[in-house]
Structure formats: structure tokens, C-alpha cells
Amino acid sequence: MKKLLKGTYGYLNQNKKRAWVKAFLMLLVPFLILIAGWAVNKTRLNPVTVAAVVLSLPGCNQVVHAIIASRYRSIDSALYEETEAARGDCLALYESVLTSYEETFTVDCLVISGRDIAGYTSDPKTNGDRAGEHIKKMLRANSYKQNVKIFTEKKAFLERVRGLAERTPEEVPFKEDDRYPGLGRDEIIQYLIMAISL
């Protein structure tokens with residue numbers, strides 16, 4: 001199975017599966033070492049047990065990552081298809097889980113066009129206004145001023161995306177950023193949002 005990148009449809013479900021498989025494998029090796037040491041020495045009180053316990057610590061850490069990944073699921077395929085049909089040439093990010101010091105925001109879709117970003121969240125716990133402010137603040141810290149609106153209603157979001165796709169994006173003065181050679185302004189915005197996403 002090909003590894004999906006952040007911001008693509010299906011990433012969260014694949015990330016969840018990969019995290020659990022990795023946790024299982026990382027715990028399997030120390031368990032086999034423990035069993036082998038026990039079988040050879042006829043007691044579990046031996047140095048091999050200590051090594052197995054120490055070797056299990058990274059696996060335990062991976063279990064924590066897998067539990068966190070299990071909290072999130074991929075978006076509905078119908079929403080993905082509707083957004084893809086509506087967005088035209090605009091850049092899109094899917095399944096973003098954004099974190100701030102205070103809270104976590106689950107944003108199903110983000111569409112980037114010029115100075116505008118339209119997003120949609122189906123999570124009732126995610127406050128669209130605070131999520132939008134968080135994205136604005138993060139982009140402003142990287143010297144990019146954007147208008148960000150996160151919708152909680154799918155119909156309004158899709159109408160906004162169609163509007164962004166139909167109009168010519170605002171001409172934004174842009175000088176190539178030395179930190180991101182070869183990327184355009186919208187691509188840098190996309191990269192920055194992916195950088196703060198789980």
C-alpha cells in the first residue's frame with residue numbers, strides 16, 4: 001500500500017492502521033526476546049528480561065501514538081468528491097487535525113485561493129471561528145496574510161468553494177521565499193498548514 005501524504009483523502013485512516021501495525025511490531029520483538037530468555041534460562045529473573053523491558057519502551061510510546069491516531073477518522077467520500085468537483089484549480093487539503101496550546105481543531109477540507117482560505121468542519125466540538133483564527137495567526141507568524149473562514153455547514157462551504165473556483169484569484173505580490181525554493185504562494189500556505197497538522 002502506498003503511503004499517503006498529509007492533506008490527502010484517506011490519510012487519517014491509513015495513519016491509524018500504520019500506527020497500530022508499527023506498535024504491534026515494536027512490542028513483538030521485546031516479547032520474543034523475553035520468551036527466548038525465559039526458555040533458555042528457565043526463569044524470568046535474568047538480564048534478558050531487563051533488556052526486553054527496556055526494548056519495549058519505544059513500543060509503548062508507539063501505542064500512545066496509535067491511540068491518539070485512533071481518535072480521528074477520514075472524511076466521508078461524498079464530501080471529498082463534492083469538494084473535488086467544486087474546487088476547480090484551487091489547492092485543497094483534506095483531513096487536517098490542527099493543534100494549538102488550548103485545543104485541537106479537526107478540519108475536513110481546506111481550499112486555498114490567493115488570499116482566501118475556505119474550510120469545512122463536520123466536528124461539532126470544533127469552533128470554526130477559533131480554528132480560522134488559529135490558522136490566520138500561524139500564517140501571520142510566517143509573514144503570510146490570509147482571509148480564513150471555516151464553515152460548519154457543508155452547503156455554505158461548497159458554495160464558497162465554487163465562488164473561489166469561478167473567480168480569478170486576487171493578484172498577491174509575491175517574492176519567492178528562500179526557505180521554500182520553487183514553491184508558489186498558495187503551495188507555501190498549503191505546506192505551512194500541513195506542518196502544523198497531525
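Residues numbered from 1 in each chain as written. Predicted model: local features only at pLDDT ≥ 70, side-chain atom pairs only at ≥ 80, totals over all residues. Heavy atoms only, no water.

**Describing the pattern of salt bridges**
Counted under the stated rule, the structure contains seven salt bridges. Between R87 and E84 there is a salt bridge whose closest N-O contact spans 2.9 Å. Within this pair, R87 and its partner E84 are both found in helix α3 (residues 77-87), separated by three residues, close to a single helical turn. Judged by its relative accessible area of 17%, R87 is buried. By relative accessible area, E84 is classed as partly exposed at 28%. Between E133 and K136 there is a salt bridge whose closest N-O contact spans 3.6 Å. Of this pair, E133 and K136 both sit in helix α4 (residues 128-141), separated by three residues, roughly a single helical turn. A residue is classified by how much of its surface remains accessible, and E133, at 44% relative accessible area, is partly exposed. The network of salt bridges with shared partners includes D116, R160 and R167. (Salt bridge = Lys/Arg side-chain N within 4 Å of Asp/Glu carboxyl O. Helix = DSSP H or I, 4+ residues; strand = E, 2+ residues; numbered from the N terminus. Buried < 20%, exposed > 50% of the residue type's maximum accessible area, 1.4 Å probe, protein only.)

**Side note on the environment of D89**
Position of D89 among the secondary structure elements: in the loop between α3 and β1 (91-99). Take D89: its relative accessible area is 82%, and that puts it in the exposed class. For the pair formed by D89 and L164, sequence separation is 75 residues and the distance between their alpha carbons is 9.5 Å.

**Comments concerning the nonpolar core**
Counting 19 residues, the largest nonpolar core has L110, I117, I135, L139 and I193 as its most contacted members. Broken down by secondary-structure element, the contributors of at least two residues to this core are β1, β2 (104-113), α4, β4 (147-151) and α6 (185-195). (Core = buried A, V, L, I, M, F, W, Y, C linked by side-chain atoms within 4.5 Å.)

**Description of the side chain of T121**
Summarising the element assignment, T121 is placed in the loop between β3 (116-120) and α4. Here T121 falls in the buried class, since its relative accessible area comes to 2%. A polar side-chain atom of T121 sits 2.6 Å from the main-chain carbonyl oxygen of T106. At 3.3 Å, the side chain of T121 and the backbone nitrogen of D123 are in polar contact. Not counting chain neighbours up to four residues away, the residues in contact with T121 comprise T106, V107, D108, T126, I150, F151 and T152. (Polar contact = N/O pair within 3.5 Å; in protein donor to acceptor, adjacent residues only side chain to side chain. Contact = heavy atoms within 4.5 Å.)

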